[in-house]
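Residues per chain, in single letters:
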Amino acid sequence: MASELLANSNILLIAKALIIIALGILIGYIGKFLIRKFIDKFILKQIFKKDLSAYEVADVINKIFTEIIQWTVILLMLNYSLVMLNFNLLTSIFSFIISEIPKIVLFLGIISAGFLIAKLITTRIRAKDISNAEEVGFAIEFVIITAFALTALEFIGIKATALIELFKVILYAIAIIIIVLVFRPDMLKSKHKRSDKKR
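## Section: unusual backbone geometry
Thought 1: Here Asn86, not a glycine, exhibits a phi torsion of approximately 60°, which is positive.
Thought 2: In this fold, Asn86 is placed in the loop between α2 (52-84) and α3 (88-127).

## Overview of the packing of α2 against α3
Packed helices, taken two at a time, are described by the angle their axes make and the gap between the axes.
Thought 1: Two elements in contact, α2 and α3, have axes whose closest approach is 10 Å; the angle formed by their N-to-C orientations is 170°. As the angle between them shows, α2 and α3 are arranged roughly antiparallel.
Thought 2: Broken down by class, the residue content of the contact of α2 with α3 amounts to 22 nonpolar, 8 polar and 1 charged.

## Describing the pattern of salt bridges
Thought 1: On inspection of all chains with the given rule, the structure shows 4 salt bridges.
Thought 2: When the shortest N-O distance is used, the salt bridge between Glu67 and Lys32 registers 3.2 Å. Placement of Glu67 in helix α2 and of Lys32 in helix α1 (residues 2-47) is noted, with a sequence separation of 35 residues between them.
Thought 3: Under the relative-accessibility criterion, Glu67 is labelled partly exposed at 29%.

## Focus on the packing of aromatic side chains
Thought 1: Within this structure, the stated rule accounts for 1 aromatic pair.
Thought 2: Taking 5.2 Å as the distance between ring centres and 40° as the angle between the ring planes, the aromatic pair formed by Phe38 and Phe42 counts as tilted. Of the two residues, Phe38 and Phe42 both sit in helix α1, 4 residues apart, roughly one turn of that helix.

## Notes on helix α4 (residues 133-155)
Thought 1: Here α4 spans 33 Å end to end across 23 residues, near enough to the 33 Å set by a 1.5 Å rise per residue.
Thought 2: Within α4, burial applies to Ala133, Val136, Gly137, Ala139, Ile140, Glu141, Val143, Ile144, Leu150 and Ala152.
Thought 3: Among the residues trailing α4, Gly157 stands out with phi positive, at a value near 95°.

Conventions used here
- Residues numbered from 1 in each chain as written.
- Predicted model: local features only at pLDDT ≥ 70, side-chain atom pairs only at ≥ 80, totals over all residues.
- Heavy atoms only, no water.
- Helix = DSSP H or I, 4+ residues; strand = E, 2+ residues; numbered from the N terminus.
- Axes fitted to C-alpha atoms, helices over the stretch in contact; angles between N-to-C directions.
- Parallel < 35°, antiparallel > 145°, perpendicular 65-115°, else oblique.
- Nonpolar A, V, L, I, M, F, W, Y, C, P; charged D, E, K, R; others polar.
- Salt bridge = Lys/Arg side-chain N within 4 Å of Asp/Glu carboxyl O.
- Buried < 20%, exposed > 50% of the residue type's maximum accessible area, 1.4 Å probe, protein only.
- Phe/Tyr/Trp six-rings, centres within 6.5 Å; stacked < 30°, edge-to-face > 60°.
- Expected span 1.5 Å × (residues − 1).

Shape descriptors only; they carry no functional weight alone.
Following this line, the structure appears as structure tokens:
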């Protein structure tokens, strides 16, 4: 009798755990769908309606973040189910993964912000009627994305002192190139072209 009651209790517990997991999958999927659609319609299409390339980047970022939201919900529900069933080893693993999610989101958020800002600025630069706009845009995009990437590494606790020093040197070099491209583009013309002009 006691063993039968225990078996029934275990079956009920497993059933509850499975229901919680199923709810987690359902809530995660619906949440992902609704959040993605909301961000796309009311934020991205409003901000980037005149900038297709920036919108495409933002759309990819939106998909990544909503996927993270979905799997965070699923993992939380799965972890709760494992706690109910006393699977201590798996619970510890999932607890560790869940505890690292804020760092992952922060890292991706900073990188994503860098990509979006770089795209917005470089798209406007390339639209301007200035000489060497493509080269200037590429240089500025590289600088912005690299700066945000290094900042993201620092935020999640990865010290990148050597990379920062290298970036400073690259930044100075790019700044000089940008100044030359904008203010003295003739300096980059080859001697051959100059001699052709003289003839």
